[in-house]
Amino acid sequence: MMKRKRHLFAILGAMLLVVSFSLFASYQKQKNQPVFLDNQNFQRYQDRWGLWVDFRSEKLSWEEKCLQFGSLPEEVALLNQMTDKEIKKPLRPLFIPYGREFANSLQEAGIFREAIETPEDLFLWPVIPNSRSKITSRIGRRWNSLHTGIDIGLPKNSIVLAAADGVVEVADRNGDYGLTIKIYHPEMNHFHTVYGHNNTILVKEGDIVRKGQIIGYSGNTGKSTGPHVHFEVRYHNVYLNPENFLPAFDEKINTSMVSFAD
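Since the model is a prediction, treat every value here as computed from it, not as a measurement.

Enquirer: Teacher, can you tell me more about the sheet that holds strand 1 (residues 32–36) here?
Expert: As a general point, the strands of a sheet are linked pairwise by backbone hydrogen bonds and lie either parallel or antiparallel. One open sheet accounts for three strands, arranged 1-5-18; its pairing is antiparallel. With partners counted over all chains shown, the strands left at the sheet margins are strand 1 and strand 18 (256–258), one partner each. The sheet shows a mean angle of 40 degrees between the axes of neighbouring strands, taken without regard to direction. The pairing of strand 1 with strand 5 (residues 113–119) spans five bridges and is antiparallel. The residue bridging Gln-33 from the neighbouring strand is Thr-118, located in strand 5.

Rendered as structure tokens:
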């Protein structure tokens with residue numbers, strides 16, 4: 001039985017390796033493009049700039065927050081598809097767009113959008129690399145089973161980013177994965193990416209997302225031994241090595257500050 005298991009893992013590993021490298025070879029064009037990287041101050045949803053505000057802990061009402069940011073409450077209610085019950089008291093994060101005046105006030109205070117140069121044919125790391133994030137587990141055999149992606153350890157409620165432009169296919173609880181997001185990337189060789197163990201999901205099924213856009217906050221949901229992001233790259237349900245489609249993981253990344261006038 002053990003020999004049979006080892007033989008099966010060897011076959012799976014070889015298939016994964018061959019598929020990964022064949023796709024990788026046909027996939028590389030290495031053209032750089034500037035991409036916005038959502039941060040704690042400037043975030044995107046439905047091509048609007050603003051901020052996700054969690055009204056389970058926010059002291060202001062959602063109408064007061066709209067007034068502060070320069071948004072119309074009726075537009076915010078429509079954007080977030082708020083129910084009548086939520087209009088009275090929302091118990092989830094809502095996306096509040098910035099009005100021009102509020103966005104300009106942030107920039108005057110030295111707070112800007114961020115952009116990075118990234119190869120258009122590579123995925124983006126789903127977290128903002130820093131000294132508090134590190135790869136804790138890679139794809140391959142682990143504990144007599146196949147670990148199907150990369151684990152990136154980082155503090156709970158860290159920003160989780162979309163690795164590329166795509167369409168959200170899953171945004172829900174999914175067994176051992178916990179709160180899970182799955183994105184289909186039609187312009188990236190029809191790959192799928194998966195983001196597991198989130199504490200909060202900010203997108204919904206059918207949403208169009210952009211590379212570098214915030215899609216959730218990291219957590220420890222599902223079968224997990226600590227706060228991290230489980231990240232997968234799939235091709236027709238074949239698990240690929242994500243590191244073949246990502247730049248090198250670096251604790252420090254250089255970003256450019258970008259104003260709305262640029």
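Enquirer: Any chance you could explain helix 5 (residues 100–108) here in plain terms?
Expert: Residues separated by three or four positions in an α-helix point in the same direction, a consequence of the helix having 3.6 residues per turn. All buried positions along helix 5 are accounted for by Phe-102, Ala-103, Leu-106 and Gln-107. In a view along the axis of helix 5, the buried residues occupy a sector of 145 degrees, so they form one face of it. With respect to the buried face of helix 5, the exposed residues turned more than 90 degrees away are Arg-100, Glu-101 and Glu-108. Gly-110 lies just past helix 5 and shows a positive phi near 85 degrees.

Enquirer: Would you explain the pattern of salt bridges in this entry?
Expert: Pairing between side chains becomes possible if they bear opposite charge and their charged atoms approach one another. Scanning all chains against the criterion turns up eight salt bridges. Two residues, Lys-204 and Asp-207, come together in a salt bridge whose shortest N-O distance is 2.9 Å. Note on Asp-207: relative accessible area 3%, which makes it buried. The salt bridge partner of Glu-232 is Arg-234, with a shortest N-O separation of 2.8 Å. When its relative accessible area of 0% is taken as the criterion, Glu-232 is described as buried.

Enquirer: Can you walk me through the nonpolar core in this structure?
Expert: One finds Phe-123, Ile-183, Tyr-195 and Ile-215 to be the most contacted residues of the largest nonpolar core, which totals 38 residues. Those elements that place two or more of their residues in this core are strand 9 (150–153), strand 10 (159–161), strand 12 (179–185), strand 13 (191–201), strand 15 (214–218) and strand 16 (228–235). Not counting residues up to four positions away in its chain, the partners in contact with Ile-215 are Val-160, Leu-161, Ala-162, Ile-181, Ile-183, Tyr-195, Ile-201, Leu-202, Val-203 and Val-209. If you look at the next biggest cluster of nonpolar residues, it comprises 17 residues, including Phe-42, Trp-49, Cys-66 and Ala-77.

Enquirer: I would appreciate a short explanation of the sheet that holds strand 2 (residues 43–45) in the present structure.
Expert: Overall, antiparallel pairing links the three strands, which are arranged 2-3-4 in an open sheet. At either end of the open sheet lies a strand with only one pairing partner, and these are strand 2 and strand 4 (93–97). Direction aside, neighbouring strands of the sheet carry axes that sit 55 degrees apart on average. One ladder, built from five bridges, connects strand 3 (residues 48–54) with strand 4; its direction is antiparallel. Of the residues in strand 4, the one forming a bridge with Asp-54 is Pro-93. This element, helix 2 (residues 62–69), spans strand 3 and strand 4 of the sheet and lies at about 25 degrees to strand 4.

The rules behind these values
Throughout, a residue's number is its position along its own chain's written sequence, starting from 1. Where local features are concerned, this predicted model is filtered to residues with pLDDT of at least 70; where side-chain atom pairs are given and counted, the filter is 80 or more; whole-chain, interface and lining totals use all residues. Side-chain measures here rest on the full set of heavy atoms in the structure, leaving out hydrogens and waters. Two strands qualify as a pair provided DSSP detects at least 2 bridges between them. Think of it this way: any DSSP run of H or I at least four residues long counts as a helix, any run of E at least two long counts as a strand, and we number them from the N terminus. Lines are fitted to the C-alpha atoms to define the axes, a helix being fitted only along its stretch in contact, and any angle between axes, read from their N-to-C directions, falls within 0 to 180 degrees. The classification of residues rests on relative accessible area computed with a 1.4 Å probe and restricted to protein chains. Under 20% of the type maximum is buried, over 50% is exposed, and intermediate values are partly exposed. The directions from the helix axis to the C-beta atoms are what the arc is built from. The term salt bridge refers to a pairing of a side-chain nitrogen on Lys or Arg with a carboxyl oxygen on Asp or Glu at a separation within 4 Å. By nonpolar core is meant a set of buried Ala, Val, Leu, Ile, Met, Phe, Trp, Tyr and Cys residues that side-chain atoms within 4.5 Å join together. By definition, residues are in contact when any of their heavy atoms lie within 4.5 Å.

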